Amino acid sequence: MHTTLSKKDFSRYLPFLLLVMTVFRVLAGLRIPYMILANQRYDDRLLFENAYDLLSGVWLGSYDSYTLAKGIGYPLFLVLAKKLCLPYSVLLSLLQAAGAWLFVRAVSVRWQNPYGQAILYLLLLFSPISLTLLVTQRLYRMAIVPGMVLVVFSSMIGLTLRKELPLKKQLPWAFLTGLTLAFFWQIREDSVWILPFIAVMTVWNVGYVILVLHKKLNTKALLLHCLTMLLPLLLLFGANTGVSVINRIHYGVFLNNDRTEGNFAELMSLLYHLDSNTRTNPDIWISRDTIVRAEAASPTLQQIQPLLDSYTEDWATRDGEIPGDHFSWVLRDAVQDSGIAPNAVSAQTFYGNVLSELRAAVASGELTEKTDGALYFSSQSRGVLPEEIPGILSDTLQNIWKIAGYTDCALSSSAKSAGRLSDIRRMESFASCLTVYPTLSQFQAADYDSIEDETLYDFNEIYSSGMVSLLNKSNAIYQLLGQPMFLLALLALCVLTVRVIHGLFHGDTKDLELWILTCGILLSAVLLRFGCGLFTAWFSEDMQKFINSFYSCGVYILLQMFKYLAVITTAASLQPIRKQYFQNFRNSHKEKEE
């Protein structure tokens, strides 16, 4: 006798299917090669050196000019993988899986279709941005940004959608939001872009508790609910304070990092504000003329002038200028190699003295600040003229459209590492991952040792090519459907907006909260891409092609979340109308038959 498997019976097998796909995702991460750029002194290798020190129990090690330049989030992730005895790639895959699962769990209180949830989980699990050369395969902090964005936003969505439930249902989401937000904040120094979403949703949640739930709660319960909604920001503040306290204990300075806090950050901000006698293009944030005039106005800076001038010459491009934020690293190099600031306290004193002298020069008229009406969105970048903003916005929207189609999302089996062999081997061993070595001709002479057969280093490239090809085919499907899905999501958002406005006029706010969440995610994507456009506008044409999948990697996952949340929310909102329509249709059909 033939039996048909019912929907209820089939749904029992979904967890097993999802487990199998998750295991495959983890194994896929083990099979692809990773790119170790051990020659990146200020980036990749610096973060690994921080991880070595953390694992050794000496915090970030002995102080130099680069110790507090970057957040500790990625080194902590590397150490966590080591402590758990997991290869780096496994923990990276599990982070993506955890984010996908959290997003599904977050929206499950409003959307309980098991088959839809399974598809949603898989779509996020195999997100193309989590399978991309410069993001995933490069052993650098951008690798964990997409997964952490997914985790933090999902946690905040989960907390927001559960604020009417008992506290025991809210607290896990509140703690998770706070802890993951605190960790995310430490990954990069520009993580402030995430704060508008967190702040707006926190105000919404606290306001809702006070204005709507006060009738159901006594005073104690009301305060506890408000405190729960504020917990993410409290944990963020507490974690940042904790890092600053540890830095104070080890280095004598109360800072998270010195790029956005302290005298070095203030000095760089002032240098970006100083006017120059020469007019340069917008790619030059601090002109050579400004550097010369600053040296003349600061006796303290003159103490390192020979080194500073030499390094400035080394970093200069053909026109003799230094583009972007490179002068900040030139200054660090000069201070480090001069030996004038052997510890963090003396470094802060040195930068503070230069800052005071330059401010005095501005007050006396020896130096002048720009009066062109530029807007400084960050203390660590040049000002933007008002007339530049339309062009930057246009570029932002064009890139949003490209990112919606998962532009540049692809893996490579031939992404060769770079740097000294000893550094590459140490980083590879620490992360327990595969890498494709440089060819013998790319190694420095001191690294040759007993290497005889260059073909030996092609093994990982051959070993990984099949899996890389398969995952790239998966990415190609996303790329085919990405932009049409984005258009559908925008249409869904328009429909949802009409529904929300209609509901507000009729006292129905059921869809308002999900509309705010959906718009918040989209606007966060636009804000992040806008910031990336400001910071990377000076990049060369060769560098620009890598930007969307590198600095903008968080935008990819935000747009993916927006697409799915917009469509799901709108479909759920229209479901009563759809049911009513089909009910009327069936009733009409029955009447005709009778």
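Presented here is an overview of the structure given in this document. (Residues numbered from 1 in each chain as written. Predicted model: local features only at pLDDT ≥ 70, side-chain atom pairs only at ≥ 80, totals over all residues. Heavy atoms only, no water.)

One pass over the full model with this rule turns up 26 aromatic pairs. Note on W401 and F486: the rings are 6.3 Å apart at their centroids and 50° apart in plane angle, and the pair reads as tilted. One end of the pair, W401, is in helix α18 (residues 389–404); the other, F486, is in helix α20 (residues 459–505), and 85 residues separate them in sequence. The class for F486 is buried, based on a relative accessible area of 6%. (Phe/Tyr/Trp six-rings, centres within 6.5 Å; stacked < 30°, edge-to-face > 60°. Helix = DSSP H or I, 4+ residues; strand = E, 2+ residues; numbered from the N terminus. Buried < 20%, exposed > 50% of the residue type's maximum accessible area, 1.4 Å probe, protein only.)

Glancing now at helix α6 (residues 114–125). With 12 residues, α6 extends 16 Å from end C-alpha to end C-alpha; this agrees with the ideal 16 Å at 1.5 Å per step. Listed in full, the buried residues belonging to α6 are G116, Q117, A118, L120, Y121, L124 and L125. Sitting at the amino-terminal end of α6 is N113, which places a side-chain oxygen 2.9 Å from the backbone nitrogen of Y115. (Expected span 1.5 Å × (residues − 1). Polar contact = N/O pair within 3.5 Å; in protein donor to acceptor, adjacent residues only side chain to side chain.)

Let us look at a nonpolar patch on the surface. There is a patch of nonpolar side chains on the surface, built from L19, V23, L27 and L30 and spanning about 340 Å² of accessible area. Position of L27 among the secondary structure elements: in helix α2 (residues 14–31). Residue L27 is classed as partly exposed on the basis of its relative accessible area, which comes to 49%. (Patch = residues over 30% accessible without salt bridge, like charges linked within 9 Å, V, L, I, M, F, W, Y side chains within 5 Å. Areas by Shrake-Rupley, 256 points an atom, 1.4 Å probe, with all protein chains shown as cover. Salt bridge = Lys/Arg side-chain N within 4 Å of Asp/Glu carboxyl O.)

This part takes up helix α4 (residues 73–83). Buried within α4 we find G73, Y74, P75, F77, L78, V79 and A81. Here the buried face of α4 lies against α3 (44–56), α5 (88–107), α9 (167–185) and α19 (421–431). Phi turns positive, to about 60°, at C85, one or two residues after α4. (Contact = heavy atoms within 4.5 Å.)

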